[in-house]
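# Breakdown of the fold
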Amino acid sequence: MHRFAWLALVAGSLVSVGAKAQTPTAPPQGFGFCTVTDSSSAQVRIWASPVFPLTHAPTDPAGFQRSQELAGEFLAHVTTLGGAGSKSCVVLASQEEAASFREERRANWDKRMYFIKVGDWREVAWTPAAWSPATATAPPAELTRYFYCYQVDTDVLPRRSHTVATTVFARTLPAGDRMAGYDKAAAYSLQFRQQVRAHGLPENGDCAPYDTRAEAEHQQQQIRRHFKGFNMQFDEIAWTPGDADLAPTVATPAQAAPTASARAPMPATGLGLRITGVSAELAQALGLSSTQGAWVVEVADGSPAMKAGIRPMDVLVEIAGQAVTGHGDVPAIAGRLRPGSEAPLRVWRERRMLDLKLVVSAQSPAPAGMAAKPAGVAAETGQYCTAFVMRSKENLMLHVPVWHVPPSQASRPALADSLSRLIAAVIQANPAKWTALPAVACHDNFGVFAGESFCLTNTYKHFGGSQMAAQFCNASKELIEKRWEMIRSDGSQARIFPWPVAP
């Protein structure tokens, strides 16, 4: 069940588990810290802020947009101190969680290699300016983002390495879509790999988005510093990509040209997967050290992927001994596999690496098409919901079967309140040492499951294990029943919890 743990970054002040969810107008709160990492020298330099409380907009439930703003502000401050590098901010629900995660990072950089610390951790006295809805400024209609693409092949004899890299180029993107930069980077990566192949290298390589030209050029300088010199071939190409959007990659042996937007679903054959790239914030939430790999969005029933044990929210890292550097690698690798053969897989799940085995077939069932949620369905028919509450310490998992929620109780606040009351009922029926959970947050999930919304709260303590409660709702009873079957496909044994869902 920990495959939902990456959603733990949903920020909210800690409240008693049985309390009602905050009203939609109450700004969520959390705690965070920021770092800037510079790898231009043998000993990496890391500037780190203290843990600080923060508030963000209710429309930014995970605090991602706020963390991006704070990362930019912290980088600007570090620049005044003479620093530069890659920026990052972490937002968690409690001060304890943020402080623990920060200490874990510091300890990793303080490790020694040949009696020298791997990183030079530098404490920076910095606190961000206060935020409130009154002080928030409206975002511009468009934003400029800067992109840099490169591929390094170190297995080139007699040279030490061969690098193909672009210059920094800018693109104007819609400001309302927080993922637009990452989606464009994924599309540009596929186009860039054609250039890489033209220079005689394996078809790999990635493009990354940056908020400022200075950040992109800093990365460009690092690649030049490390891979341009004696006995190294460095090809810098004056190339910029076309501005075509990219649909989530379909893991098929033969890849079709992208024709839809990055959010549009496509039927899947071959391995029976829908996959997309690993964004920076997703890698951080999953505990990955990089954005390499392919994130599994959906697994088709009866497909080779499902039979191999691949689950939604896994990250494909290696197929048949070949590294998956980006989601575009999967179709190419799959196309080289012989039907009927067996191929080892490596996936990242629950913050650890797992080894699986795939039996390749010629064709696989496709995930059902995912149409947009029909307008007005919830208002006319209400919702069908299912829910579970689980605890890893003193293992417990309880499941509420599918029930119908009338239209009058299908609003987000009402659904959040429903899950909060379920949690209180579970605790009363199963007394033990429970950890207070953050306030329930509800979100749309239409891009992954047609018509679905979900409410979630979870927490993790080093010595207390993990706790999670989730509720999934849809206008379609069939899709919600299928959703529960997908959740329990990992073999989890859930007991039915006879909970009266009516208020």
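If you're wondering where the values come from, they're calculated on a predicted model, not measured in any experiment.

Attention shifts here to the confidence of the model for the protein. Reading predicted coordinates in detail is not appropriate for stretches of low pLDDT. With 75% of its residues at a pLDDT of at least 70, the protein reaches an overall mean of 75. Segment residues 363-379: pLDDT under 50, and 44 contacts once partners within four positions in sequence are set aside and those in other chains are kept.

We now examine the packing of aromatic side chains. For the structure on display, the rule yields 11 aromatic pairs. Here the aromatic residues Phe388, Phe454, Phe472 and Trp484 are joined through ring pairs into a cluster of three or more. A cation over a ring is seen here: Arg391 above Trp434, with NZ or CZ 4.6 Å from the ring centre.

Moving on, we come to helix H3 (residues 180-198). Between the first and last C-alpha of H3 there are 28 Å, a value that for 19 residues agrees with the 27 Å anticipated at 1.5 Å per step. Looking one or two residues beyond H3, the residue adopting positive phi is Gly200, at roughly 85 degrees.

Of note, Leu354 is situated in strand S18 (residues 352-359). As for Leu354 and Leu316, which are separated by 38 residues in sequence, their C-alpha atoms are 10.0 Å apart. Beyond its immediate chain neighbours, meaning those up to four positions away, Leu354 contacts Leu345, Arg346, Val347 and Arg349.

By secondary structure assignment, the location of Asp314 is in the loop between helix H6 (304-308) and strand S15 (315-319). Residue class for Asp314 comes out buried when judged on its relative accessible area of 1%. In this structure the side chain of Asp314 is engaged in a polar contact, spanning 2.7 Å, whose partner is the side chain of Arg349. Apart from the residues lying within four places of it in its own chain, the contact partners of Asp314 are Ala294, Trp295, Val296, Gly309, Val347, Trp348 and Arg349.

The tally for this structure, following the rule as stated, stands at 16 salt bridges. The salt bridge partner of Arg102 is Glu123, with a shortest N-O separation of 2.4 Å. Of this pair, Arg102 sits in helix H2 (residues 95-109) while Glu123 sits in strand S7 (residues 119-123), and the two are 21 residues apart along the sequence. Close ionic contact of Arg224 with Glu236 constitutes a salt bridge, the shortest N to O distance being 2.8 Å. Separated by 12 residues along the polypeptide, Arg224 in helix H4 (residues 213-227) and Glu236 in strand S12 (residues 232-237) bring together distant segments of the chain.

Our next topic: the state of the cysteines. Enumeration according to the criterion identifies four disulfides in this entry. Two residues, Cys149 and Cys207, share a disulfide whose sulfurs are 2.0 Å apart. Where Cys149 bonds to Cys207 through sulfur, the torsion about that S-S bond is close to 105 degrees, and the disulfide is right-handed. Remark: Cys207 occurs in strand S11 (residues 206-210) and Cys149 occurs in strand S8 (residues 142-153); sequence separation between them is 58 residues. Taking the relative accessible area as the measure of exposure, Cys149 reaches 0% and is therefore buried. Note that Cys385 is cross-linked by a disulfide to Cys473, the S-S spacing being 2.0 Å. Its S-S torsion of about 110 degrees marks the bond between Cys385 and Cys473 as right-handed, since a negative value means left-handed. You can see Cys385 sitting in strand S19 (residues 383-391) and its partner Cys473 sitting in strand S23 (residues 465-474), a full 88 residues away along the chain. Cys473 carries the same exposure label as Cys385, and that label is buried. Each bonded cysteine of the protein gets a number by its place in the sequence, and the pairs then read 1-2, 3-4, 5-8, 6-7.

Looking now at the nonpolar core. Formed by 25 residues in total, the largest nonpolar core has its most connected members in Leu422 and Phe497. Contributions of two or more residues to this core are made by S19, strand S20 (396-405), helix H9 (412-429) and S23. With seven residues, H9 is the largest single contributor of residues to this core. With residues near it in sequence (within four places) discarded, Leu422 still touches Ala387, Val389, Val400, Phe497 and Trp499. One finds Ile333, Ala343, Val347 and Val360 within the second-largest nonpolar core, a separate group that totals 23 residues.

Here we take up the pairing of strand S1 (residues 29-38). With seven of its 10 residues buried, S1 lies for the most part within the structure. The sheet contact formed by S1 and strand S3 (residues 52-55) spans four bridges and is antiparallel. By the bridge assignment, Gly30 is partnered in S3 with Leu54. Taken together, the seven bridges between S1 and strand S4 (residues 86-92) define a ladder with antiparallel strand orientation. Bridging across to S4, Phe31 finds its partner in Leu92.

What follows covers helix H10 (residues 477-487). Within H10, the full set of buried residues consists of Ile480, Arg483, Trp484, Met486 and Ile487. End-on, the buried residues of H10 take up no more than an arc of 160 degrees, which puts them together on one face. Where H10 is buried, its residues touch strand S14 (294-299), S19, S20 and S23.

Moving on, we come to the environment of Gly382. Considering the arrangement of structural elements, one finds Gly382 in the loop between helix H8 (377-381) and S19. The exposure class assigned to Gly382 is buried, which follows from its relative accessible area of 0%. Separated by 24 residues in the primary sequence, Gly382 and Pro406 place their C-alpha atoms 4.6 Å from one another.

What follows concerns the environment of Gln471. Structurally, Gln471 is set in strand S23. Spatially, the C-alpha atoms of Gln471 and Cys442 are 8.9 Å apart, while their sequence positions differ by 29 residues. Excluding residues within four positions of it along the chain, Gln471 makes contact with Cys385, Thr386, Ala387, Trp403, Leu415, Ser418, Leu419, Ser453, Phe454 and Cys455. Reaching out from Gln471, the side chain makes a polar contact with the backbone oxygen of Leu415 at a distance of 3.4 Å.

Quick look at the side chain of Gln151 now. Of note, Gln151 is situated in strand S8. According to the relative accessible area criterion, Gln151 is buried, its value standing at 12%. Only 3.2 Å separates the side chain of Gln151 from the backbone nitrogen of Gly205, close enough to count as a polar contact. What Gln151 contacts, discounting residues up to four positions off in sequence, is His162, Thr163, Val164, Phe192, Val196, Leu201, Asn204 and Gly205.

Parameters and conventions
Residues numbered from 1 in each chain as written. Predicted model: local features only at pLDDT ≥ 70, side-chain atom pairs only at ≥ 80, totals over all residues. Heavy atoms only, no water. pLDDT = per-residue confidence, 0-100. Contact = heavy atoms within 4.5 Å. Phe/Tyr/Trp six-rings, centres within 6.5 Å; stacked < 30°, edge-to-face > 60°. Lys NZ or Arg CZ within 6 Å of the ring centre and 35° of its normal. Helix = DSSP H or I, 4+ residues; strand = E, 2+ residues; numbered from the N terminus. Expected span 1.5 Å × (residues − 1). Buried < 20%, exposed > 50% of the residue type's maximum accessible area, 1.4 Å probe, protein only. Polar contact = N/O pair within 3.5 Å; in protein donor to acceptor, adjacent residues only side chain to side chain. Salt bridge = Lys/Arg side-chain N within 4 Å of Asp/Glu carboxyl O. Disulfide = S-S within 2.5 Å. Core = buried A, V, L, I, M, F, W, Y, C linked by side-chain atoms within 4.5 Å. Pairing = 2+ DSSP bridges. Arc of directions from axis to C-beta.

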